[in-house]
Amino acid sequence: MSLTIASPLAGWATRLADVPDPVFAEKMLGDGIAIDPVEGRLVAPGAGVVLSVHPAGHAVTLQLDAGPVLLMHIGLETVGLGGEGFASKVVDGQRVAAGDLLVEFDLDRLARTAKSLITPIIVTNGEAFAVEDPVSDRAVAAGERVMCFRALGGAVTTTEQAAPTASRTLNLPLEHGLHARPAARIAQLAASHAGTIEILAPSGRVASARSAVAMLALALPHGAAITVRGSDSNGVAAVADLLATGMGELKPVGGPAEPAPSVPVAGLPSVLKGVTAVSGTAIGPAFRPIDPVADIPEIGSGIEAERAALMVAKDSVRTELSADAAGEGDRAGIAAAHLALLDDPELAIAADATIAAGKSAGFAWRQAVGFYVDQLRGAGDARFAERIDDFNDLGRRVVLAIHGAPDQAPPPPGAILIADELYPSQLMALGEAGLAGIATARGGTTSHVAIIAAGMGLPMLVSLGDALAQVEPGTELVIEDGALRIAPDAADVAAVRARIETRQARRQAALAHADQPAVTTDGARIEIFVNLGSAADARAAVAEGAEGCGLLRTEFLFLDRGTPPDEEEQRAAYQAIADALGDRPLIVRTLDIGADKPAPYLTIAAEENPALGLRGIRLQLAWRDLLDAQLRALLRVETQAPLRLMLPMVADRAELVAAREALSKHAGDLGVATPELGIMVETPAAALTAAALAAEANFFSIGSNDLSQYALARDRTNPAVAAGLDGLHPAVLRLIDETVRGGAAHGRWTGVCGGLAADPEAVPLLIGMGVTELSVPGATVAETKALVRTLDLSKCRAVAARALTAPDAAAVRALVSSLSEQGQ
Ligand code: PEP
Ligand code: MG
């Protein structure tokens, strides 16, 4: 069967043989077509993964999900332009969909400066895919079919892997680095030798010298210290000699061969902005765990052998999962879901087709899983996130069963773990490694891995974006103030270390007084409560000095399972937390799922804007069984101190009234007293109608994370905008002020349980506006208490009044700094 490849450019299609460069015309890099572009946009011709973008921006290699690897080389001899006129829009390792912009180029400028604009589009893995039916001599549009390919069946055997016996190290003297044309010549030369010949890059990555594409993917710049090595000493010498000539582009490199600095990588900024999932400052060398799914051999060792390998691996994973599924609790539910996916017929067909095209079992399985993950991601619905994790987890499990765990030394103590995405099992496996922090390209602040990191006390940044992939292992990194600093200079390193030491000393001092109350210098008592998600958290928080729980996130019981917990299971879980708190008050938030916290058993129709959709109290009123079971479970908990309930995401008085009616009814049925019922103020609507809501609610607790998201119209889960979310924006502060005043009009107290409560710059403003309770993550309780003890409430009131009329968040922060400079 023959499949099609679309054009990545709009332009005039030409036969490859007509390209005025023998490297392309003689198909040294592979077969394909060429296009003379009429627009300066190179787009992905299909879904796939970017294997490499040349630092000069003129060439992109793309692994299509359908199998072929395409090299798209914009113009001829354009590497010499050194990137001028090219703006690459993707980075190595990035997934792209058909039509995604890869490179924007200045057509007019290139027409003046380049030898030719003709752009070869080459299928470089010709051993696995044959090009058929290329179009030529006509105009084509981007996305239009320009050639077909056919998988070459039959067993494709792996190259023999002999240990290197010869090696030569040199600094690459090619002025423009190892780009397409010299790579093609090296590959041709290497192919005329029998043994293995490889190029080892300074990053530690290795490419076969027989594969021009693999060498291009190393993105070797001029001067890079490389090692040519292999089992064929003649071949190694011949390749090294050819490289040493400069291949017509000689530009001598001064000094002896030294390892090239790993950073800065061209195009990698020195600071990446992210979103804080666990606050704190960390410094240490980057450590990237090897992803067992990423580093698997592509080429199979025979179709039947690979089919058998996949079958054996699936059998072994099935046995493990069946054992887990027969157990109890969350683990059993997850295992049952994974078992269903393991034997999904679509996955099996997709993987088998890829094996039939000569790929390895692991590669085929990864690709099949990746295809479905992309489909789910493309749906853009946060509720599929759980499914994506299921698929990815299963992908990893089967690949590990085929290839075994990757051979990797443990992280050095004090390392910062960097990864595209991280799974809880990966982090738990590194629990003893003495990590300093975590930085991930994707992920959200509410992910399971973020919760585990918080429990381990590891500062964590998420949503740093694709550029994180370019950070080389071993590079010094700093996590601080929502940003990742890459290769900081010595003065910066010293300053950060000093801040970490000061912070540790401050924490020790705070812990020494953890059990004492937080009273301002002028005698105002502020309650410092803790946010909890489990009984274990509760025990730790009591030791930190928490005076009660200001927010129990009950979602922890409802996520990651096939069915919701019943009333009795809930009661037992809440009782365990109440017991751990002893005589300290407990405020329980009723279920806040939906939006960024999806549950698989809630079959909600896809929503265009889940954050504005069926979530929080709206969802519980729509699914009354969930509300009723939770209220009854809570009413049956026996506590030594008051139990209070609060509702998430209230925007309308009617929601509060309906929930109160349900609570009174169940309390009546069970013959118990009705507990106090408050609301979380998380929507501008609730803040602005606080006075009316206070007539019905017993108290307010401000969810500043959501309140900021809705006030500033920035999706807290969207890495492109979440980094700009600042709860000290005067618009958010005015909503908080309105809430406190609305509550006070009816004698109701207001607390804050979102991230602002633990922000040292926000605390003076919050208490200055009249907030009397701060509910913070466990690890910050003692320090928040210590901070409050340094504040003078009358000064806080004055600075809060000025902050309300400040023009922006930066001005607010400057005001607070001036307060601390006055000795506060
Ligand atoms: C908030 O929105 O500030 C909050 C505390 O709730 P969550 O972060 O769980 O949405
Ligand atoms: Mg919230």
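Residues numbered from 1 in each chain as written. Chains lettered and ligands numbered in written order. Predicted model: local features only at pLDDT ≥ 70, side-chain atom pairs only at ≥ 80, totals over all residues. Heavy atoms only, no water.

Visitor: It is not clear to me how helix α23 (residues 730-744) should be interpreted in this structure. Could you clarify?
Guide: The α-helix winds at 3.6 residues per turn, so residues separated by three or four positions along the chain end up facing the same way. Counted at 1.5 Å a residue, the expected span for α23 with its 15 residues is 21 Å, and the 21 Å between its end C-alpha atoms agrees. Along α23, the positions that sit buried rather than exposed are P730, V732, L733, L735, I736, D737, T739, V740, G742 and G743. (Helix = DSSP H or I, 4+ residues; strand = E, 2+ residues; numbered from the N terminus. Expected span 1.5 Å × (residues − 1). Buried < 20%, exposed > 50% of the residue type's maximum accessible area, 1.4 Å probe, protein only.)

Visitor: When you look at the site of ligand 1 in this model, what are you seeing that I'm missing?
Guide: In the neighbourhood of ligand 1, 14 residues make up the surrounding shell, with R553, R589, G703, N705 and R716 lying closest. A distance of 2.7 Å separates an oxygen atom of ligand 1 from a polar atom in the backbone of N705. Broken down by secondary-structure element, the contributors of at least two residues to the shell around ligand 1 are β29 (549-553) and α21 (704-712). If you tally residues by element for the shell around ligand 1, the top one is α21, at three residues. Its residues assigned to classes, the shell around ligand 1 comprises three nonpolar, four polar and seven charged. (Near = heavy atom within 4 Å. Polar contact = N/O pair within 3.5 Å; in protein donor to acceptor, adjacent residues only side chain to side chain. Nonpolar A, V, L, I, M, F, W, Y, C, P; charged D, E, K, R; others polar.)

Visitor: Which parts of the structure should I look at to understand empty space enclosed by the protein?
Guide: On inspection of all chains with the given rule, the structure shows three cavities of 30 Å³ or more. Counted as a void, the second largest cavity has a volume near 40 Å³. Counting only elements with at least two residues in the lining of the second largest cavity, the list comes to β5 (48-53) and β6 (59-64). Looking at the lining of the second largest cavity residue by residue, the classes come out as four nonpolar, three polar and no charged. (1 Å grid on protein atoms, 1.4 Å probe; cavity = no way out; pocket = protein on both sides within 12 Å on 5 of 7 lines; lining within 4 Å. Points joined across faces, edges and corners; volume = space filled by probe spheres on them.)

Visitor: Could you clarify how one ought to interpret the confidence of the model for the protein in this entry?
Guide: As a general rule, the predicted coordinates of low-pLDDT regions are not to be interpreted in detail. Averaged over the protein, the pLDDT score is 86; the fraction of residues at 70 or greater is 90%. Taken together, the stretch residues 154-161 has pLDDT below 50 and engages in 17 contacts with residues farther than four places along the chain or on a different chain. Low pLDDT, under 50, characterises residues 255-265; the predicted model gives this stretch 18 contacts beyond four residues in sequence or across chains. (pLDDT = per-residue confidence, 0-100. Contact = heavy atoms within 4.5 Å.)

Visitor: Explain the coordination of the magnesium ion (ligand 2) here, please?
Guide: When a metal holds four donors in a tetrahedron, each ideal angle between them is 109.5 degrees; when it holds six in an octahedron, the ideal angles are 90 or 180 degrees. Only E682 (OE) and D706 (OD) from the protein reach the magnesium ion (ligand 2) as donors, at distances of 1.9 to 2.1 Å. Separated by 24 residues along the polypeptide, E682 in the loop between β32 (676-681) and α19 (684-688) and D706 in helix α21 bring together distant segments of the chain. A single burial state applies to E682 and to D706, both of which are buried. (Donors = N, O, S within 2.8 Å, 3.2 Å for Na, K, Ca; no water.)

Visitor: Is there a simple way to think about the environment of Q426 in this case?
Guide: Mapped onto the elements of the fold, Q426 is located in helix α11 (residues 424-429). Owing to a relative accessible area of 14%, Q426 belongs among the buried residues under this scheme. Spatially, the C-alpha atom of Q426 lies 8.7 Å from that of P289, the residues being 137 residues apart in sequence. Non-local contacts of Q426, meaning those with residues more than four positions away in its chain, are made with P289, R396 and E421.

Visitor: For this particular structure, what's the right way to read the sheet that holds strand β21 (residues 282-287)?
Guide: In sheet architecture, strand pairing relies on hydrogen bonds along the backbone and comes in two forms, parallel and antiparallel. Across the sheet, which stays open at both edges, the eight strands sit in the order β19-β26-β25-β21-β22-β23-β24-β20 with mixed pairing between neighbours. The sheet is open, and its two edges are formed by β19 (271-273) and β20 (275-278), each paired on a single side. Across the sheet, the mean angle from the axis of one strand to that of its neighbour is 25°, orientation sign disregarded. Here four bridges tie strand β22 (residues 416-419) to strand β23 (residues 437-440), and the two strands are oriented parallel to one another. Paired with I418 across the bridge in β23 is A439. (Pairing = 2+ DSSP bridges. Axes fitted to C-alpha atoms, helices over the stretch in contact; angles between N-to-C directions.)

Visitor: Help me understand the side chain of N531 in this model?
Guide: Position of N531 among the secondary structure elements: in strand β28 (residues 525-532). For N531, a relative accessible area of 11% gives the class buried. Of the polar contacts made by the side chain of N531, one reaches the side chain of S775; its length is 2.6 Å. Aside from chain neighbours lying at most four places away, what touches N531 is L551, R553, C753, S775, V776 and P777.

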